[in-house]
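Chain residues, written in single-letter form:
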Amino acid sequence: MWRLPLPFISCMYCLSGRVVWGGPRRVPALLRPLPAGLTCVFASGKKDLTNFPVLNEDELEEQFVRGSGPGGQATNKTSNCVVLKHFPSGTVVKCHQTRSVDTNRKRAREIMREKLDVVYKGELSEVLVKKKASELRKQDKRRKANDNLERKRLFREALAADPKPGNGGV
């Protein structure tokens, strides 16, 4: 029995009773081996939590309380709202974003790490630095839009003030 080399492996699919032969299979990028000496880190998500303080579970008090807000009886009768208190700083976080207690616990800890970053680092915290950068980008975008609108208004006024060519002018 003969074997095909690895890049020329064929696939057989069954679609509605018919057997279809596929071409060479492609290995996804995440599963391909990297060349020697190179390292690669694949990350997903919005936040980079590397520089946030580490939570010590001994310093936290966790409570599960009844939720509030929209959702009616399903929200008001279940105790899936998580309240975390950090003893050294006195910071309290309340999280009731989902119906899952586990998800709310994880999210409450993320929020607590962000708040502790602000408490400990002050103006140099990553959260505030990113927020300020975002505000500056938003202000710059608004200023550019206003400048553009002003240029368009001045252009229209200049067109309206100039006499139209071909209307009996000398």
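In short, a report on the structure. For every chain, the first residue of its written sequence is number 1, and the numbers climb from 1 along that sequence. The predicted nature of this model means local features are confined to residues of pLDDT at least 70 and side-chain atom pairs, given and counted, to a pLDDT of 80 or more, with totals for whole chains, interfaces and linings taken over all residues. The side-chain figures draw on all heavy atoms in the structure; neither hydrogens nor water molecules are used.

## Focus: the pattern of salt bridges
Then step 1. Salt bridges are counted wherever a side-chain nitrogen of Lys or Arg sits within 4 Å of a carboxyl oxygen of Asp or Glu. One pass over the structure, following the stated rule, counts 11 salt bridges.
Then step 2. Between Glu62 and Arg109 there is a salt bridge, with its nearest N and O atoms 3.1 Å apart. Remark: Arg109 occurs in helix H2 (residues 101-121) and Glu62 occurs in strand E3 (residues 60-65); sequence separation between them is 47 residues.
Then step 3. Note on classification: 1.4 Å probe, protein chains only; a residue is buried when its accessible area is under 20% of the maximum for its type, exposed when over 50%, partly exposed between these limits. By relative accessible area, which is 15% here, Arg109 ends up buried.
Then step 4. In this structure, Arg143 engages Asp140 in a salt bridge whose closest nitrogen and oxygen atoms are separated by 2.4 Å. One end of the pair is Arg143 and the other is Asp140, both in helix H3 (residues 126-161) and three residues apart, which spans about a single turn.
Then step 5. Linked through salt bridges whose partners overlap, the residues forming this network are Glu57, Glu62, Arg105 and Arg109. In DSSP terms, a helix is any run of H or I states spanning at least four residues, a strand is any run of E spanning at least two, and both are numbered starting from the N terminus.

## Describing the packing of H2 against H3
Then step 1. Here, axes are lines fitted to C-alpha atoms. For helices the fit covers the stretch in contact, and angles between N-to-C directions go from 0 to 180 degrees. As a packed pair, H2 and H3 sit with axes 7 Å apart at the nearest point and diverge in direction by 90°. By the angle between their axes, H2 is roughly perpendicular relative to H3. Mapping the contact onto sequence places Glu114, Asp117 and Val118 in H2 and Glu126, Val127 and Leu128 in H3.
Then step 2. Think of it as three bins: nonpolar holds Ala, Val, Leu, Ile, Met, Phe, Trp, Tyr, Cys and Pro, charged holds Asp, Glu, Lys and Arg, and polar takes everything else, Gly as well. Class assignment for the residues of the contact of H2 with H3 results in three nonpolar, no polar and three charged. To sort the angles, those under 35 degrees are grouped as roughly parallel, those over 145 as roughly antiparallel, those from 65 to 115 as roughly perpendicular, and the leftovers as oblique. Residue contacts are defined here by distance: any two heavy atoms, one from each residue, within 4.5 Å place the two residues in contact.

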